[in-house]
Structures are given as structure tokens and as C-alpha cells.
Amino acid sequence: MARPNILLVTSDQHRGDCFGFEGRAVHTPHLDLLASQGTRFGACITPNVVCMPARASILTGLLPLTHGTHDNGIDLDEAVAEQGFAGALSRAGYATTFIGKAHFSSNHSAQPTGRCENIPSSHRFAADWSGPYMGFEHVELMQLGHNYWLPERAPGGLHYERWYHGDGHGDLKDTLYRRRLAPDTTAAQTHHSALPTAWHNSTWVGDRTIELLRAHGRERRAGAARPFCAWASFADPHHPFDAPAPWCWQHRPEDVDLPAHRVRDLERRPWWHRAALENRPQGGTAEHRRVREDYSRIGPQTDAQLRELIANYYGMISLVDHHVGRMLAALHDEGLADDTVVVFTADHGDWLGDHGLVLKGPMFYEGLLRVGLIVRGPGTPAGKAVPDPVSTIDLAATFGDYAGVPVPAATHSRSLRPLIEGDGATRDHALTEWRLGPQRCGVALDLRGVRTREAKLTLELGSGAGELYDLRDDPHECVNRFDDPACRGLRDELMQRLMARPDDQRHPLAPPVGPA
């Protein structure tokens, strides 16, 4: 068989249960269809619960403390990145492309870093610059994609921002984005945006990816095509929750499903839960501390507010789903569908009201840790569901396996093909880790986590405190069994799995240069 094309599509901050096929009241017809045509993983976790480390791990096949981007605001080492799946496939003759939000480098910093994604540095990159970057031959990037910060103006910004302002209507677009359409909301960081969908960054990612697929279709018909590996990266449904019309109205607040357990019962949790929520960020600039407090945290919401927020979040997901459907149609129309491995996943999830929390932070509840993972392609069984614990870190080796190209640097990554195509392959656990300093939430933490099919353990290495949940009997993670003598055997087993992590951590680890 000829080497297949590979299309990786990711969303941002998209929970693993927020798909129609998972039973939530969210409209995702195209992703539901993709899952029915391929294989989905019901226990896929992220190797880190914030953007930059998670994305770096997808690319490199390495855990965060090994590739070095162990928190947001830490630039991924370009030499390490180029040994990831994109660089390996580029060197093997694949045409490699990245479209959308990369976030391999810090956006915000007190001083310019010289990286293209860095706001103080992007003016150094000419309008016709398109890579190479992090192993990808060709890139078309958005700098942020989250409109808490509206798109940068020239000479700053990257491909999306320059397109957004390029027609001279940037002021109008900014005004429309800020306009709050009825019905108004009182939920934190939530509004129905009047920005037309045609100018939204999800539409731009969809359009640019479809143009790429059409170009490959033309090359194939001309007999000159190389196999391609493309990563299309949507910036939603990341906060602020600002779906544009009409997607903001697709889900009525009264119809959405609320979390079963939505109370902040901090007295039942390890010490760092309260500390991370109540301590003030330390260090950095005053602006960076303000961002951490005002943007990276959301206080308790009433049920009515949570319904408004979730309905808007669902609308953002449905808009992503719409453009995934357009991509799948383009693959079919160009005759590429049968020769392309399509993967959909996310960098991490969102608490979305679980335990009274919204957004993300150092509490590894399932809504934040688990992400969707769907694979469709040659030899992929239709309608198969894999219950084994896996990680998005496994994608690097999986892509190498499909392409017949080893990715030797991806030492923590294991191909998913045996689980997809075989009957006897199994996995017993997946790992996650996060080392963060006091500049994020006012306390330094060194968190390690392990998830099996039926249990999850998180350990804070500095203090030895932890949490253990029996996911079979306690799926909403209400009872911490870490210090329960009846669970000592399970705790010891999970600790052994946790401590079996390869001893290959990067030294020294770089500190953050900014909040993200």
C-alpha cells in the first residue's frame, strides 16, 4: 500500500465527553459520523492539562519534563521539536503543513523572544514568511485565536491576523466581535458575538485546510503529489466563550446538561486545590499577574450562569464540527478520503462546572484530563471503541507507523495501530505531569498523574499528598481514597506505575518567560 496521507485535526480545551456520541447534549453530527466510520478511544488523556506542554507532547512524543515545555510560557526547544513527527515525515518526503493555532512558543513575554508566535517579535516575520517551523515545511498560523485579545494589527500578527485586517475592515470586525447579541448573559467570560462567521478564526482554519486539500487533489491528478501530513488546529472552544451567531443560539441554556457534582468541596480535597484557587499569582509583570487572575480564573457560577456558559461552549464546538464536516467533504471530493488517516483530538479539556470549577488548573479531574480521540483511515475498523487508557503523546509514533517512518526521538510514544487493528493488544495505563511555579497560581507544584481503565492517582511530589479515585464506582470523583486503608493495594500499584516513568527528564528546566 502506498504511504497514506495524514490529517490531524485538533480543537482547544475540548472535553472528552462533549460529543454527541458520548451522550452529551451537544450537536456534533460530523464528528459523530467520523466516529462511526472509524475507531474512537474512550480513555485518552492529555500528558498535560494546559496548552503549550500538551501540544509539544503531541508533536514530539515526549512527556513535558523531557521535552522541557513543562508549563505555558516556556518555548519548545526547536531542536527537540524538529525530531518530532513533523520533522521525521518531512525528511522522509512528506509534504508537512501546520494551519491554525500552534502555541509551541510563548505569545506573551516581557521581552521579545524572537519566535514567530511571540507578540513582541512577530513584526520581524515578513508577510510572505510561511516556515519552516518546528519541523513543518509550511505553516499558516494564528497568533492567539482567543479574542480576549483581539487580532494583532500590522506590523504584528501572523497569517490569520494579517488576513483579518488585510481588507481594511479590522475596526468593523473588532466592533462586531464586542457587540453582545441578545439574549445577554451574566456568565463569566460569555457572550453571543456579532462577528460574522465568515471572519471567525474557525472558518479561516477550515477554509485554509480545504484549500490545502484541494491543492493536493490537483497535484495528485497531475501525477506530481507527495503524501501529505497536515495539522489543522482550531482555537476553540477555548474561553472566552464567545460563539458567533447563529452558532451561539444553537443550544438553549435550558436544554444543556449540568454536571452531576458542581460544588467546591475543598475540605475533601488535597491541600493544593484550595491553594491554587485562593492564592494570588506571584512574580512576572503586573499585567501578567492580572491576566492570571482575570482571564485564567473563573469564580463560582450559579446554575443559570453555568447553563449559559455551557450552551455557548457547545456552540463553539458545533462550529468546529461544521468545519470538520467541510474538511471531510473536501477529502471525498478530491479523491483523497480512502488514502488519508484522519485523526481528531484536543490538547486538553475544561472542568466546565465539575466540582464548581471552570477552565483549567492543577486538579486532574476527568473533564480536564480526558480528551476525545477518533481515528479513521485505511485498515481502521468502523464503529470500534477502545476502552484502554492511551495518551495523545502516542500520536507521534502512530503517524510514524502509518507512514513507515520511524520517529526514534519520540521515546514515550507508542503506536496505537495494534489497538486499532488488532484483537489482542492492550494498554494498562497512561501518564500526565505538570511542574508549575508560583507565577501561575501562587504556589509551586510538581504533579504526576496516572490513569488506568478504572482508577486514577495524582501525586504532588513536593509534599507527598495525593488523590485517588475509583472511576468504576465513583465516576464523578467525589471520594478521595488516597489515604483509605482499604485502597492501599490499589494506591501502591498506581504509585509503582507512576514511578516507572523513564528517568530522562530535562535538566535544567527553563522558567516561563510569560503567562502563555
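This text goes with the structure placed above it.
Only a predicted model underlies this, so the values are computations on that prediction, with no experimental measurement involved. (Residues numbered from 1 in each chain as written. Predicted model: local features only at pLDDT ≥ 70, side-chain atom pairs only at ≥ 80, totals over all residues. Heavy atoms only, no water.)

**What about the packing of aromatic side chains?**
Keep this limit in mind: In summary, the pairing rule links any two rings of Phe, Tyr or Trp, Trp by its six-membered ring, whose centres are within 6.5 Å, and it sorts them by plane angle into stacked for under 30 degrees, edge-to-face for over 60 and tilted for everything else. In this scheme, a residue with accessible area under 20% of its type's maximum is buried, one over 50% is exposed, and one in between is partly exposed, where area comes from a 1.4 Å probe on protein chains only. For a lysine, the NZ atom is tested; for an arginine, the CZ atom; a charge sits over a ring if that atom is within 6 Å of the ring centre and within 35 degrees of the ring normal.
Scanning the entire structure with this criterion turns up 22 aromatic pairs. An angle of 75 degrees between the planes, with centres 6.4 Å apart, marks the rings of Trp129 and Tyr133 as edge-to-face. Tyr133 gets classed as buried once you look at its relative accessible area, which sits at 5%. Through pairs of rings, three or more aromatic residues link up here, namely Phe85, Phe98, Phe104, Phe125, Trp129, Tyr133, Phe136, Trp231 and Phe399. Above the ring of Trp163, the side-chain terminus of Lys173 is found at 5.4 Å from the ring centroid. One residue, Arg491, lies across the ring of Phe482, its end atom 4.7 Å from the ring centre.

**Quick word on the pattern of salt bridges**
Let me state the cut-off plainly: For this document, the term salt bridge refers to a Lys or Arg side-chain nitrogen within 4 Å of an Asp or Glu carboxyl oxygen. Here a helix means four or more residues in a row that DSSP labels H or I, a strand means two or more in a row labelled E, and each is numbered from the N terminus.
According to the stated counting rule, one finds 47 salt bridges in the structure shown. A salt bridge links Arg55 to Asp12; the shortest N-O distance between them is 3.2 Å. Of the two residues, Arg55 sits in helix H2 (residues 51-60) while Asp12 sits in the loop between strand E1 (5-11) and helix H1 (29-37), which places them 43 residues apart along the sequence. You can call Arg55 buried: its relative accessible area is 1%.

**So, the sheet that holds strand E12 (residues 430-436)**
Heads up, the rule is: Any two strands with at least two DSSP-identified bridges between them are counted as paired. Axes here refer to lines fitted to C-alpha atoms; in helices the fit is confined to the stretch in contact. Angles between the N-to-C directions go from 0 to 180 degrees. Residue contacts follow a heavy-atom distance rule, with two residues in contact if any of their heavy atoms lie within 4.5 Å.
Read across the open sheet, the four strands follow the order E12-E13-E14-E15; overall the sheet is antiparallel. In this open sheet, the two edge strands, each paired with only one partner strand, are E12 and strand E15 (466-470). Geometrically, the sheet is characterised by an average inter-axis angle of 10 degrees between neighbouring strands, direction not taken into account. Note that E12 and strand E13 (residues 445-451) share seven bridges and pair antiparallel. Paired with Leu431 across the bridge in E13 is Val450. Lying on the sheet, helix H16 (residues 488-499) is in contact with E12, E13, strand E14 (455-460) and E15; it crosses E14 at an angle near 65 degrees.

**Side note on unusual backbone geometry**
The amide bond that connects Asp236 to the next residue, Pro237, takes the cis arrangement and shows omega of 10 degrees. Following His239, the chain continues to Pro240 via a peptide bond in cis, the omega torsion being 0 degrees. With respect to the helices and strands, the residue Pro240 is situated in the loop between strand E6 (228-233) and helix H9 (271-278). Despite not being glycine, Glu477 has its phi angle at roughly 55 degrees, a positive value. Within the secondary structure, Glu477 sits in the loop between E15 and H16.

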